[in-house]
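So the chains spell out like this:
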Amino acid sequence: MSDNTIKKVCVIGAGTMGAGIAAQVANAGVPVLLLDIVPKDGANRNAIAEGAVAKMLKTEPAPFMSKSAAKLVETGNIEDHLEKVAECDWVIEAVIERLDIKQGLYAKLEAVKREGTAVSSNTSTIPLGQLVEGRSEAFKRDFLITHFFNPPRYMRLMEIVTGPSTDSAVAAKVKQFADVAMGKTVVTANDTPGFIANRIGTYWIQLGLNAAFDMGLTVELADAIAGKPMGVPKTGIFGLVDLVGIDLMPHLQASLTSTLPEGDLYHGIAREIPLITKMIGEGYTGRKGKGGFYRLNKEVGRRKETIDLATGEYRPTITAQGPRGAASRGDLKALVESKGDIGAYAWAVLGATLAYAASLVPSAASDLVSIDDAMKLGYNWKAGPFEMIDVLGAKYLADRLAAEGKAVPEILTVAGDRTFYRIENGKRQYLALDGEYRDIVRPKGVLRLADIKLASKPLLKNGSAALWDVGDGVVCLEFTGKMNALDGDVMKLIVEAIGLVKAQYKALVVYNDADSFSAGANLGLALFALNIAAWSEIEKLVAGGQMAYKGLKYAPFPVVGAPAGLAVGGGCEILLHCDAVQAHAELYTGLVECGVGLIPGWGGNGEMLDRWQKNKMMPEGPMPAVAKVFETVSTATVSKSAAQAKELLFLRESDAITMNRDRLLYDAKQKALSLVEGYTPPEAPHFRLPGESGRVALGMAAEGFHKQGKATDYDMVVSDALANVLSGGEADLVDTVTEQELLKLERETFMRLVREPRSIARVEQMLETGKPLRN
């Protein structure tokens with residue numbers, strides 16, 4: 001093919017999955033055509049596709065990363081607009097799981113698509129060979145399976161399946177786009193029923209359901225065992241089935257039993273469970289229906305209830321006495337060897353699931369890394385099956401299976417008493433079926449800090465942060481505390497890092513591999529200081545943070561922030577001080593200090609004022625920018641994406657967004673290197689602020705929320721303190737407020753609030769419950 005660039009995509013099928021895929025394409029900034037059938041009733045022939053877009057704009061969590069992304073979605077129907085497929089470089093079929101309907105659609109597509117335009121199915125169970133029966137060789141060359149997981153924006157896995165006729169260039173084009181533009185980790189699966197994740201996941205779920213019914217367990221106990229202790233989401237198995245839909249299970253079972261080969265272990269556990277059939281018939285299909293294994297009884301004050309598996313009647317939900325000690329903390333051997341029902345259930349589910357996963361190499365996937373990645377990204381398991389086996393012990397699993405007269409998968413025999421993963425010469429390796437270890441090779445453009453750590457030692461390190469050499473003269477500042485909270489040790493290491501980079505390196509990137517970039521200041525440490533009235537220590541921390549962040553801002557080298565996930569409070573403020581930010585698309589950032597009775601204390605107020613005052617869309621005069629920052633900070637507004645962070649000016653328009661989390665560090669490093677030549681630090685801003693009149697105006701606005709009951713009495717106190725800082729305190733319109741003067745005012749105001757008992761109460765509540773206190 002002459003052009004491997006995907007410039008426009010078509011998605012056919014505007015159901016939950018198809019619409020979600022279209023939204024993610026739009027999130028990537030690429031136009032997408034969304035088609036569905038013509039509805040039976042009504043004059044609007046595009047109503048189904050249009051309705052899907054309208055629904056997504058109201059859905060939470062949002063499929064779109066910004067409302068502007070929805071403008072990239074063109075809607076239509078397959079009767080009037082199928083010829084527009086000729087404009088597209090990739091067509092994704094996401095219609096109902098019926099082979100006849102899919103094949104009929106492919107026949108129509110073949111007549112209108114351009115040669116070289118990829119066509120893929122989002123099928124979850126139907127083999128590729130069946131899908132393309134009757135199609136031409138030219139069509140088969142352009143055809144593949146791309147199996148997304150729901151919701152497409154948030155689930156990182158995409159399984160790709162190619163057939164014997166699939167053009168490798170077509171597959172490469174799709175894989176590259178899904179990876180870089182859509183943010184997917186693309187796992188190659190073989191053309192077998194259920195592919196990887198759903199085949200193992202469905203087997204695991206069926207095992208869990210069967211064993212709970214057979215052993216007479218409560219739903220709560222089953223989920224307490226097969227949830228966090230196994231390293232899977234806390235929903236457990238019954239909670240997961242409620243989430244995805246109980247009515248989906250019979251369809252998956254029917255599809256797998258009709259397509260899996262004879263002798264597959266799934267046939268031995270697939271069975272109809274009468275209670276589940278009854279629940280579906282009565283509309284108890286999970287969260288989307290009247291309830292499922294769990295429900296909220298609205299007639300009794302939304303009381304949480306659970307179904308009794310023996311009687312089929314609902315009763316109040318109980319707290320199960322699940323695994324304790326090591327068995328509750330990831331020690332899988334301790335879990336499966338626990339006494340009584342806990343150990344028996346854990347082994348019945350985990351032992352058989354791991355054995356089944358091990359039996360699928362090489363039939364479902366050519367290597368075990370693909371299987372582990374699929375389960376971690378498709379089902380949110382903390383560890384993949386082979387990583388779990390390493391914890392349990394391959395020999396232990398094989399011996400126990402043999403002792404029970406069960407088949408031992410070949411790969412377990414190959415492993416013997418070895419592990420499936422090992423570190424050799426600073427590289428992570430996996431065990432192949434031939435008994436040899438092979439390096440795990442990252443795709444081009446993927447750089448992981450975890451890999452760097454295997455082969456090097458930190459340049460600097462203390463209890464809360466570390467500094468790593470990531471190559472080419474770039475260093476990485478990593479936060480290492482719980483939730484990557486920030487404290488005096490972090491600030492101390494920042495100051496040390498500035499000196500080291502200035503002398504020996506070119507640039508610095510602020511990044512870590514964790515799910516949360518930083519939850520802000522270490523509130524636990526702060527509360528301890530508050531309780532012993534260590535005011536001088538708190539002021540030292542505030543002043544130290546201001547100094548460290550300004551040190552980064554005015555360092556003689558470029559500093560690039562590379563956040564992913566949560567970046568709030570001080571975690572947001574450090575980004576505001578960076579020369580540039582390379583953000584992961586899923587960035588949830590904001591200045592949230594008002595929620596705990598405080599204000600931003602590490603320079604965030606001034607940085608936000610500077611950005612809004614320079615914004616060309618703002619009206620002239622000192623008040624509009626002050627009012628905008630006050631609105632954003634006083635309400636503790638947090639972005640729901642990196643795109644929205646740009647709208648809120650937590651990110652600049654020039655800051656870049658990386659869709660694939662695995663590519664973030666590499667992209668940030670390249671951004672830093674691009675800034676090195678000719679770099680000069682920014683000039684310090686000066687502010688013209690409204691002073692007392694501005695403070696009064698902001699207070700009047702806040703009072704309106706107070707009268708509506710949207711702001712509490714203490715919210716008014718905190719917002720007044722924030723208004724005083726943003727207005728410049730005693731400044732007048734004719735005065736110029738320097739950055740240092742604003743920092744001093746910020747620090748003094750912070751110290752007044754931190755002594756307030758009501759602020760201390762808010763900090764305590766946040767630490768204890770994770771929820772703000774509305775006092």
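Higher on the page you've got the structure.
In this text, all values refer to a predicted model and were calculated from it rather than measured experimentally.

In an α-helix, one full turn covers 3.6 residues, which means residues spaced three or four apart are oriented alike. Taken residue by residue, helix α17 (residues 394-403) has Ala-394, Tyr-396, Leu-397, Ala-398 and Leu-401 as its buried positions. Of the surrounding secondary structure, the elements contacted by the buried residues of α17 are α13 (332-336), α14 (340-358), α16 (385-392) and α18 (410-415). The positive-phi residue at the C-terminal boundary of α17 is Gly-405, with phi of around 75°.

Our focus in this paragraph is the packing of helix α7 (residues 197-215) against helix α15 (residues 368-378). Any two packed helices are characterised by how steeply their axes cross, that is the angle between the axes, and by the distance between the axes. Interaxial distance between α7 and α15 falls to 9 Å at its minimum, and their mutual angle equals 65°. The interaxial crossing formed by α7 with α15 has right-handed handedness. Between α7 and α15, the contacting residues are Ala-197, Ile-200 and Gly-201 on the first element and Ile-371, Ala-374 and Met-375 on the second. The residue makeup of the contact of α7 with α15, split by class, is five nonpolar, one polar and no charged.

Let's shift gears to the sheet that holds strand β1 (residues 9-12). Within a sheet, each strand pairs with its neighbour through backbone hydrogen bonds, oriented either parallel or antiparallel. Read across the open sheet, the eight strands follow the order β3-β2-β1-β4-β5-β6-β7-β8; overall the sheet is mixed. A single partner strand is all that each edge strand has here, and the edge strands are β3 (73-77) and β8 (185-188). Averaged over all adjacent pairs, the angle separating strand axes in this sheet is 25°, with direction ignored. In terms of strand pairing, strand β6 (residues 143-148) meets strand β7 (residues 157-162) through five bridges, oriented antiparallel. Its bridge partner being in β7, Leu-144 is matched across the sheet by Thr-162.

Taken as a whole and judged by the stated rule, the model has 12 aromatic pairs. Ring geometry for Tyr-284 versus Tyr-314: centroids 5.6 Å apart, planes at 40°, classification tilted. Highlighted residues: Tyr-284 in the loop between α12 (274-281) and β9 (294-297) and Tyr-314 in strand β11 (residues 314-316), separated in sequence by 30 residues. For the pair Tyr-284 and Tyr-314, one class covers both residues: buried. Between the aromatic rings of Phe-386 and Phe-420, the centroid separation amounts to 5.0 Å while the plane-to-plane angle is 80°, which identifies the pairing as edge-to-face. You can see Phe-386 sitting in helix α16 and its partner Phe-420 sitting in the loop between α18 and β12 (421-424), a full 34 residues away along the chain. According to the relative accessible area criterion, Phe-386 is buried, its value standing at 0%.

Here the focus is the side chain of Ser-719. With respect to the secondary-structure elements, Ser-719 resides in helix α29 (residues 713-726). Not counting chain neighbours up to four residues away, the residues in contact with Ser-719 comprise Phe-630 and Ala-702.

In this section: α14. Taking 1.5 Å per residue, 19 residues should reach 27 Å; α14 reaches 27 Å between its end C-alpha atoms and fits that length. Maximum bend of α14: about 25°, positioned at Trp-347. With 15 of its 19 residues buried, α14 lies for the most part within the structure.

In this structure, Phe-238, Phe-293, Tyr-345, Phe-386 and Phe-420 are the most contacted members of the largest nonpolar core, which totals 113 residues. Broken down by element, this core gets its largest block of residues, 12 residues, from α14. Contacts of Tyr-345, omitting those with residues within four sequence positions, involve Gly-208, Ala-211, Ala-212, Met-215, Leu-217, Ala-222, Ile-225, Ala-226, Ile-237 and Phe-238. Val-559, Val-629, Ala-645 and Leu-689 belong to the second-largest nonpolar core, a separate cluster that totals 84 residues.

Our next topic: the pattern of salt bridges. For the structure on display, the rule yields 48 salt bridges. Across the salt bridge formed by Lys-8 and Glu-87, the nearest N and O atoms sit 2.7 Å from each other. Linking Lys-8 in the segment before β1 with Glu-87 in the loop between β3 and β4 (90-93), this pair joins segments that are 79 residues apart in sequence. Residue class for Lys-8 comes out buried when judged on its relative accessible area of 14%. Judged by its relative accessible area of 44%, Glu-87 is partly exposed. In this structure, Lys-744 engages Glu-748 in a salt bridge whose closest nitrogen and oxygen atoms are separated by 2.6 Å.

Definitions and cut-offs
Residues numbered from 1 in each chain as written. Predicted model: local features only at pLDDT ≥ 70, side-chain atom pairs only at ≥ 80, totals over all residues. Heavy atoms only, no water. Buried < 20%, exposed > 50% of the residue type's maximum accessible area, 1.4 Å probe, protein only. Helix = DSSP H or I, 4+ residues; strand = E, 2+ residues; numbered from the N terminus. Contact = heavy atoms within 4.5 Å. Axes fitted to C-alpha atoms, helices over the stretch in contact; angles between N-to-C directions. Left-handed = near helix turned anticlockwise from the far one by under 90°. Nonpolar A, V, L, I, M, F, W, Y, C, P; charged D, E, K, R; others polar. Pairing = 2+ DSSP bridges. Phe/Tyr/Trp six-rings, centres within 6.5 Å; stacked < 30°, edge-to-face > 60°. Expected span 1.5 Å × (residues − 1). Bend = angle between axes of the 7 residues up to and from the residue. Core = buried A, V, L, I, M, F, W, Y, C linked by side-chain atoms within 4.5 Å. Salt bridge = Lys/Arg side-chain N within 4 Å of Asp/Glu carboxyl O.

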